[in-house]
Amino acid sequence: MPRTHATLPRLFVASSLGPGAAVPLDAAQSHYLTTVLRLKKGSQVVAFNGRDGAWRTGLLTPSRKGAELVPIERIARQTEPADLWYFFAPLKAGRLDYMVQKATEMGVSHLQPVITRFTQASRVNLDRMRVNVVEAAEQCEVLSLPVVHDSVPLARLIEAWPEDHFGRRLIFADEAAVSGSPIEALRAVGGDPLGLIVGPEGGFSEEERALLLAQKFVLPVSLGPRILRADTAAVAALAAIQASIGDWR
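Note that this is a predicted model, so its numbers are computed, not measured.

Visitor: Looking at this structure, how should I read the overall build of the protein chain?
Guide: When you go through the protein chain residue by residue, the secondary structure sums to seven helices and 12 strands. For the protein chain, the C-alpha atoms occupy an extent of roughly 60 × 35 × 35 Å along the three principal directions. Burial analysis of the protein chain (249 residues in total) assigns 46% to the buried set. Sequence-distant contacts, at least 24 apart, represent 75% of the contacts inside the protein chain between residues at least 6 apart. Roughly 12,600 Å² of accessible area belongs to the protein chain as shown, and the carbon and sulfur atoms make up 52% of that amount. The protein chain carries 27 positive and 26 negative side-chain charges, and their two centres are separated by 7 Å.

Visitor: Is there a simple way to think about the side chain of Arg56 in this case?
Guide: For Arg56, the position within the fold is in strand 4 (residues 54-60). Each residue touching Arg56, except ones within four places of it in the same chain, is listed here: His5, Gln44, Val45, Val70, Pro71, Ile72, Glu73 and Ile75.

Visitor: Would you mind showing me how to read the packing of helix 2 (residues 93-105) against helix 3 (residues 126-140) here?
Guide: Think of two packed helices as two axes; the pair is described by the angle between the axes and how far apart they sit. For the pair helix 2 and helix 3, interaxial distance at closest approach is 8 Å and the crossing angle is 45°. When the interaxial angle is binned, helix 2 and helix 3 end up oblique. Judged by the twist between their axes, the crossing of helix 2 over helix 3 is right-handed. For the pair helix 2 and helix 3, contact is made by Ala93, Leu96, Asp97, Val100, Gln101, Thr104 and Glu105 and by Arg128, Met129, Asn132, Val133, Glu135, Ala136, Ala137 and Cys140, respectively. In terms of residue class, the contact of helix 2 with helix 3 is built from eight nonpolar, three polar and four charged.

Visitor: When you look at the environment of Asp127 in this model, what are you seeing that I'm missing?
Guide: Examined against the element boundaries, Asp127 turns out to sit in helix 3. Between the C-alpha atom of Asp127 and that of Gly203, which follows or precedes it by 76 residues, the distance is 26 Å.

Visitor: In this structure, what is going on with the packing of helix 2 against helix 7 (residues 230-244)? I would like to understand it.
Guide: Remark: helix 2 packs on helix 7, axes separated minimally by 9 Å, with the N-to-C direction vectors making an angle of 5°. In terms of orientation, helix 2 and helix 7 fall into the roughly parallel class. In this structure, helix 2 contributes Arg95, Tyr98, Met99, Lys102 and Ala103 to the contact, and helix 7 contributes Ala230, Asp231, Ala234, Val235 and Leu238. Residue composition of the contact of helix 2 with helix 7, by class: seven nonpolar, no polar and three charged.

Visitor: Help me out: how do you make sense of the pairing of strand 5 (residues 68-76) in this one?
Guide: Within a regular beta strand, the side chains point alternately toward one face of the sheet and then the other, so they alternate between its two faces. With two bridges joining them, strand 2 (residues 23-24) and strand 5 adopt antiparallel strand pairing. Residue pairing for strand 5: Pro24 is matched across the bridge by Glu68.

Visitor: In this structure, what is going on with the pairing of strand 6 (residues 84-88)? I would like to understand it.
Guide: Of all five residues in strand 6, five are buried, a share of seventy percent or more. Of the strand pairs in this sheet, strand 6 and strand 11 (residues 194-198) are connected by five bridges, and their pairing is parallel. Opposite Trp85, over in strand 11, you have Gly195 as the bridge partner. Both strand 6 and strand 7 (residues 110-115) contribute to a ladder of four bridges, which runs parallel.

Visitor: What am I meant to see in the nonpolar core here?
Guide: In summary, soluble globular proteins display a tendency toward joint burial of nonpolar side chains. The biggest cluster of nonpolar side chains holds 32 residues, and the ones touching the most others in it are Tyr86, Leu111, Met129, Ile171, Leu196 and Ile241. Within the residue set of this core, elements represented by two or more residues are strand 6, helix 2, helix 3, strand 10 (169-173), strand 11, strand 12 (218-221) and helix 7. Those residues within four positions of Leu111 in sequence are excluded, and the remaining contacts are Tyr86, Phe88, Val100, Ala103, Met129, Val133, Pro146, Val147, Val148 and His149.

Visitor: Please clarify how the environment of Phe88 should be interpreted in this entry.
Guide: Here Phe88 is to be found in strand 6. Exposure remark for Phe88: the relative accessible area of 1% places this residue in the buried category. With 142 residues separating them along the chain, Phe88 and Ala230 place their C-alpha atoms 8.5 Å apart. Apart from the residues lying within four places of it in its own chain, the contact partners of Phe88 are Leu96, Met99, Leu111, Gln112, Pro113, Val114, Met129 and Val198.

Visitor: I'm lost on the side chain of Gln112 in this one. Help?
Guide: Relative to the helices and strands, Gln112 is located in strand 7. Given a relative accessible area of 12%, Gln112 falls into the buried group. Within the structure, Gln112 has its side chain in polar contact with the backbone oxygen of Asp150 (distance 3.0 Å). The contact partners of Gln112, leaving out residues within four places of it in the chain, are Trp85, Tyr86, Phe87, Phe88, His149, Asp150, Val152 and Leu157.

Visitor: Hey, could you run me through the pattern of salt bridges in this one?
Guide: Should their charged atoms come close, side chains of opposite charge can pair. Counting across every chain of the model gives 10 salt bridges. Between Lys102 and Glu105 there is a salt bridge whose closest N-O contact spans 3.2 Å. Linking Lys102 with Glu105, this pair stays in helix 2, spanning three residues, or about one helical turn. According to the relative accessible area criterion, Lys102 is partly exposed, its value standing at 23%. On the basis of relative accessible area, Glu105 is assigned to the partly exposed category, the value being 33%. Residue Arg187 pairs with Glu184 through a salt bridge whose shortest N-O separation is 3.2 Å. With Arg187 and Glu184 both in helix 5 (residues 183-187), this residue pair falls three residues apart, about one helical turn. Its relative accessible area of 47% is what places Arg187 among the partly exposed residues. One salt-bridge network, in which partners are shared between bridges, spans Arg95, Glu201 and Asp231.

Here is what the cut-offs are and how they apply
Residues numbered from 1 in each chain as written. Predicted model: local features only at pLDDT ≥ 70, side-chain atom pairs only at ≥ 80, totals over all residues. Heavy atoms only, no water. Helix = DSSP H or I, 4+ residues; strand = E, 2+ residues; numbered from the N terminus. Buried < 20%, exposed > 50% of the residue type's maximum accessible area, 1.4 Å probe, protein only. Contact = heavy atoms within 4.5 Å. Areas by Shrake-Rupley, 256 points an atom, 1.4 Å probe, with all protein chains shown as cover. Lys, Arg positive; Asp, Glu negative; His and termini not counted. Charge placed at Lys NZ, Arg CZ, Asp CG, Glu CD. Axes fitted to C-alpha atoms, helices over the stretch in contact; angles between N-to-C directions. Parallel < 35°, antiparallel > 145°, perpendicular 65-115°, else oblique. Left-handed = near helix turned anticlockwise from the far one by under 90°. Nonpolar A, V, L, I, M, F, W, Y, C, P; charged D, E, K, R; others polar. Pairing = 2+ DSSP bridges. Core = buried A, V, L, I, M, F, W, Y, C linked by side-chain atoms within 4.5 Å. Polar contact = N/O pair within 3.5 Å; in protein donor to acceptor, adjacent residues only side chain to side chain. Salt bridge = Lys/Arg side-chain N within 4 Å of Asp/Glu carboxyl O.

Here's what the structure looks like:
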């Protein structure tokens, strides 16, 4: 998005965006713009929906219960979504919020919780995950939002992989691997579509690690000599992927 518009509020909307078509806002969005930000009729807002790019819009009929936006001009074309799946053992709420936000900022296209033996949180609030995706996208000018999927047991994920992720390599952040840089290992992957899996606090069980290492589509990598918390490991691994074979090159 042009930095000339960086000071404008950004808002994710569900409606289509195009010339002249009014975009209705829900009560929470209307309250935010008119009461929290105190915007008036004609104030400008950048709106995006993950499909039509970013649009400079004007606030129409400001109301705490039902404001509308009118698109004025498209200021950024829709970005192509990345093809990077992130699989993770669910964390406790605060740290899960952080991880989802950072994964969104780092260009992940799909988020899927994976239930493992040492998973700390057995229930995952998918709606809360989606809220965190939207908040991160609004704050960081992300136009392609990751899709949030239902949780799946690790064994089922591995069993279904050949059919659900044909041709995709799965990068396994293996804390039990010999310490080293992941960069060279990742560069060997080439242009294959990728997934990344990070385990829970305490790591994968021996049986789970053996299951992962037995798969031809799994590439184990080390994240260095230190044991990282799961949310830190997510950021480190995604940074290594983007820097070596992703969109940071």
